[in-house]
Amino acid sequence: MIDLRSDTLTQPSAAMREAIANAAVGDEQKREDPTVNELERRGAEFLGQEESVFLPTATMANQIALQILGRPGDALLVERHAHIMLSELGGPAAHSGLLTIGLPGTDGRFSAEQVVAEIRDRTSVHVAPTRIVTIEDTHNSAGGRAWPLDEVDAILATCRDHDLAAHLDGARLVNAAVAVGVEPARIGRGFDTVTLCFSKGLGCPLGALIAGSAELMSRARRGKHFFGGAMRQAGIVAAAALYALDHNVDRIADDHARARRLAEALVDAGVQVDLEQVETNFVQIDVGSDRAGAIERMKEHDVLVSTTVHPTVVRAVTHLDITDDDIETAGEAIPAALTRTAALRAR
Ligand SMILES: Cc1ncc(COP(=O)(O)O)c(C=O)c1O
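First, a word on scope: everything that follows refers to the structure included in this document. Fair warning: this is a prediction, and the values are worked out from it, not measured in the lab.

The subject of this paragraph is the site of the ligand. If you check the shell around the ligand, you find 13 residues, and the closest are T59, N140, D169, R172 and K200. Between the ligand and T59 there is a distance of 2.6 Å, counted from an oxygen atom to a side-chain nitrogen or oxygen. In the model, an oxygen atom of the ligand is placed 2.8 Å from a nitrogen or oxygen of the N140 side chain. Starting from 390 Å² of accessible surface for the ligand in isolation, the protein chains cover 83%.

So, in structure tokens, the structure goes:
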């Protein structure tokens, strides 16, 4: 099977497992795990922030960020198909008492003007004050789209001008940084808090970071306990993340190149793919109304893809376990499967 459902499906490599096996560990709750401490030091630098805190998942990082940036009754602005909006179980309301306002986006992005239009009168006794703006980069459900730097900067300037906190859901920040040709710190440094996930393109079995100022990170450490994310000998996992920072960052560009090659092969074979949208490691394929049938036919051709929020669109995601040969095979198997789907429907 060529598994293109998600970049979360990677298996830890032999070398990563060796790093895990050799990790020096201690009780991270007491700040005595040298591997976690080293990861938090390097992670902060990597993300352009003063400090970072190691967490089990990116969902927890997002939820802690929102809790420390807002107060119950505050409003949060987020693109309406963002992970925080669609896939975190209403966490901002449940954990932090936030009113989430979903902004309509284009390619997962919204404008500084849209933010300004949602700023409410903080002196009013009736309205929830807008307090936090979150962007997702790359944006998952938009198809791994990256924010242009000038648009990120415009959102951040607006946040500064209007005393709004800014959170970056950078679960796939490395993909975003590679796509726009900068270091992750260039994107991360302007935000109050940043999430980075290690279990996606970076190829770790689990792990994430939240990063921000020393003051915010001391509150994030409390949040880590509050959410049940404070671990013990977590260096076992942090070792994988350190390995990933050393070995799996530069190779993200290969995933992007493979996604592009797959997209081009599909377009050449007449499959509905918008090449303009292929900026990182996602290929969005419009398979028409019988999406379930198309996914099933692809499976019969040994290719796994997954659904998206768009009813006729599936996605193929490249990652560290996908080779050039896989791309070549998938580039032939997907059109063959879709031709069979169309033929079956015509019967
Ligand atoms: C943009 C984005 N943010 C956050 C997450 C949450 O990551 P995790 O599953 O590690 O909690 C995901 C997972 O797919 C994601 O795509």
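A word on empty space enclosed by the protein. For the structure on display, the rule yields one cavity of 30 Å³ or more. Volume-wise, the largest cavity comes out at about 30 Å³. What lines the largest cavity is A171, R172, V174, N175, C197, K200, G201 and L202. Partitioned by chemical class, the residues of the lining of the largest cavity number four nonpolar, two polar and two charged.

The computed volume of the largest pocket comes to approximately 270 Å³. S141, A142, Q277, Q284 and H310 are, among the 17 residues lining the largest pocket, the residues nearest its centre.

So, on to unusual backbone geometry. When glycine is set aside, most residues are seen to have a negative phi, and most peptide bonds are trans. Of note, the bond from D137 into T138 is cis; its omega dihedral lies within 30 degrees of zero at 0 degrees. Mapped onto the secondary structure, T138 falls in the loop between β5 (130-136) and α7 (149-161). Its identity as a non-glycine residue notwithstanding, R31 has a phi of 65 degrees, on the positive side. By the element assignment, R31 lies in the loop between α1 (14-21) and α2 (34-46). The class of R31 is partly exposed, set by a relative accessible area of 43%. Unusually for a residue other than glycine, D302 sits at a positive phi of about 65 degrees. You can see D302 is positioned in the loop between α13 (291-300) and β10 (303-304).

We now examine the sheet that holds strand β11 (residues 306-307). Strands belonging to one sheet form pairs held by backbone hydrogen bonds; the direction of such a pair is parallel or antiparallel. Ordered in space as β9-β12-β11, the three strands form an open sheet in which the pairing is antiparallel. One side of each edge strand has no neighbouring strand; the edge strands of this open sheet are β9 (282-286) and β11. In this structure, β11 lies alongside strand β12 (residues 313-317), joined through two bridges in antiparallel fashion. Within β12, the position partnered with S306 by the bridge is R315.

Rules used throughout
Residues numbered from 1 in each chain as written. Predicted model: local features only at pLDDT ≥ 70, side-chain atom pairs only at ≥ 80, totals over all residues. Heavy atoms only, no water. Near = heavy atom within 4 Å. Polar contact = N/O pair within 3.5 Å; in protein donor to acceptor, adjacent residues only side chain to side chain. Areas by Shrake-Rupley, 256 points an atom, 1.4 Å probe, with all protein chains shown as cover. 1 Å grid on protein atoms, 1.4 Å probe; cavity = no way out; pocket = protein on both sides within 12 Å on 5 of 7 lines; lining within 4 Å. Points joined across faces, edges and corners; volume = space filled by probe spheres on them. Nonpolar A, V, L, I, M, F, W, Y, C, P; charged D, E, K, R; others polar. Helix = DSSP H or I, 4+ residues; strand = E, 2+ residues; numbered from the N terminus. Buried < 20%, exposed > 50% of the residue type's maximum accessible area, 1.4 Å probe, protein only. Pairing = 2+ DSSP bridges.

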